[in-house]
Amino acid sequence: MNLDNLMTIGIDAACAFVTMNLINMLRRGVFGLGPKQWLNAPKTKRERTARLILLAAIAALATSSVFAARSYSGSWQGYIGEWLSRAIITWLLCLGQFDAAKLIWPTAFGRKEDADESVD
């Protein structure tokens, strides 16, 4: 493994971290109450989870476009390919980071009751 591969992995992880924090800020209502109300509108946990996964995909597409600009070499086809592949990787890493963060800090993602119910 060379240094360029390690840099790519680090940039993917940084992009996923930025995406996760962006989603958490949207869930908290930092940028307005619209996304927070949209996420909390469904009554069932399954629908809320589906909306969170959709929001993570949208945020991954947005943030990975900025991170993919680093590797832009003049070819728009190369940029689109890099952007989409980075978005998929970021989305998957972001979902994995949500699971890890929920275990470490459950009250950051919801009510205290939800955290108590998930621990058996």
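Up top is the structure.
The model shown is predicted, which means the values in this text are computed figures rather than measured ones. (Residues numbered from 1 in each chain as written. Predicted model: local features only at pLDDT ≥ 70, side-chain atom pairs only at ≥ 80, totals over all residues. Heavy atoms only, no water.)

1. Looking at the overall build of the chain
Within the chain, the secondary structure is distributed over 5 helices and 0 strands. If you list the helices and strands of the chain from N to C, you get α-α-α-α-α. For the chain, the residues scored as buried account for 25% of the 120 residues in total. With the model as given, the accessible surface of the chain reaches about 8000 Å², and the carbon-plus-sulfur share is 65%. (Helix = DSSP H or I, 4+ residues; strand = E, 2+ residues; numbered from the N terminus. Buried < 20%, exposed > 50% of the residue type's maximum accessible area, 1.4 Å probe, protein only. Areas by Shrake-Rupley, 256 points an atom, 1.4 Å probe, with all protein chains shown as cover.)

2. With respect to helix α3 (residues 45–68)
Between its first and last C-alpha, α3 extends 33 Å over 24 residues, near the 34 Å set by a 1.5 Å rise per residue. When we look at burial in α3, the residues that qualify are L52, L55, A56, A59, A60, T63, S64, S65 and A68. (Expected span 1.5 Å × (residues − 1).)

3. Overview of the pattern of salt bridges
Where charged atoms from two side chains of opposite charge come close, those side chains can pair. Per the counting criterion, the structure on display carries 1 salt bridge. Across the pair E82 and R86 runs a salt bridge, and its minimum N-O distance is 2.5 Å. Of the two residues, E82 and R86 are both situated in helix α4 (residues 76–104); the distance of 4 residues between them amounts to about one turn of the helix. On the basis of relative accessibility, which here comes to 25%, the residue E82 falls in the partly exposed class. (Salt bridge = Lys/Arg side-chain N within 4 Å of Asp/Glu carboxyl O.)

4. A few points about the nonpolar core
Counting residues in hydrophobic clusters, the biggest one holds 9 residues: M20, I23, L26, L39, L52, L55, A56, A59 and C94. Looking at this core, the elements with two or more residues in it are α1 (3–28) and α3. When residues in this core are grouped by element, the largest group, 4 residues, is from α3. Contacts of A56, omitting those with residues within four sequence positions, involve T19, I23, W91 and L95. (Core = buried A, V, L, I, M, F, W, Y, C linked by side-chain atoms within 4.5 Å. Contact = heavy atoms within 4.5 Å.)

5. Here's the deal with the side chain of T63
Counting through the fold element by element, T63 comes out in helix α3. Within polar-contact distance, the side chain of T63 engages the side chain of T19 at 2.6 Å. Discounting residues that sit within four places of it in the chain, T63 has contacts with C15, V18, T19, L22 and T90. (Polar contact = N/O pair within 3.5 Å; in protein donor to acceptor, adjacent residues only side chain to side chain.)

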